[in-house]
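These are the residues of each chain, in order.
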Amino acid sequence: MTDPATPPAAAAAPTPVELMDQVARAAAAYYRHFAALAADRGLTLMQGKTLSLLREPRPMRTLADLLACDASNVTGIVDRLETRQLVRREVDPADRRIKKVLLTEEGEQTVRQIRAELVSGLTGLEQLDEADRHALQRLLGLVFPG
């Protein structure tokens, strides 16, 4: 029998593998939710991710790097988004060989809607006080720099 005056032994710290598994579960849950919100707007997960990366105009090559896919895949994704008038391509004035992709007004509105619904669906983030949000941001920056 344990003595109630004795504090319980501290739980062992999670191992890096356990933390990695927890991050993977969190990322999977996030992307399931993101994919559902994109699908509600007739977009694939990759189309939604592409829109979300366009906070500023980006060259096609940069999009391919950020999406971790082949440049030819990005061309198809951007073609479909352009057909839906969510993005447009512009020639980079500094280097006319480079095509930059940017959101149209409708694309910006779509991204705002998806982000708003993402945040409202992640109620755990809203439960964090300011200090915890700063701590989480700092820790994520340490684990995933850049």
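Note that the coordinates shown come from a computational prediction; the quantities given were computed from them, not determined experimentally.

**Q** Just checking my understanding: could you explain the sheet that holds strand S2 (residues 87-92) for this structure?
**A** Hydrogen bonds between backbone atoms are what pair the strands of a sheet, whose relative direction is either parallel or antiparallel. Taken in spatial order, the three strands make up an open sheet running S1-S3-S2, and their pairing is antiparallel. Across the chains shown, the open sheet's two edge strands, defined by having one partner strand only, are strand S1 (58-59) and S2. Relative to strand S3 (residues 95-103), S2 is paired through six bridges, and the arrangement is antiparallel. Counterpart to Glu 90 in the pairing with S3 is Lys 100. Strand contacts of helix H4 (residues 71-83): S2 and S3, with the helix running at about 120 degrees to S2, the strand carrying the most contacts.

**Q** Is there a simple way to explain the nonpolar core in this structure?
**A** The nonpolar side chains of a soluble globular protein tend to be buried with one another. Leu 43, Leu 51, Val 74, Val 78, Leu 81, Val 87 and Val 101 are the most contacted members of the largest nonpolar core, which totals 22 residues. Secondary structure elements with two or more residues in this core: helix H1 (16-40), helix H3 (60-67), H4, S3 and helix H5 (105-121). Once you skip the residues sitting within four places of it in the chain, Val 74 turns out to touch Met 60, Leu 63, Ala 64, Leu 67 and Cys 69.

**Q** Even after reading the chapter, I still don't get the side chain of Asp 92, so can you show me in this structure?
**A** Tracing the backbone through its elements, the reader meets Asp 92 in strand S2. The residues contacting Asp 92, other than those within four sequence positions of it, are Ile 98 and Lys 100.

Cut-offs and rules
Residues numbered from 1 in each chain as written. Predicted model: local features only at pLDDT ≥ 70, side-chain atom pairs only at ≥ 80, totals over all residues. Heavy atoms only, no water. Pairing = 2+ DSSP bridges. Helix = DSSP H or I, 4+ residues; strand = E, 2+ residues; numbered from the N terminus. Contact = heavy atoms within 4.5 Å. Axes fitted to C-alpha atoms, helices over the stretch in contact; angles between N-to-C directions. Core = buried A, V, L, I, M, F, W, Y, C linked by side-chain atoms within 4.5 Å. Buried < 20%, exposed > 50% of the residue type's maximum accessible area, 1.4 Å probe, protein only.

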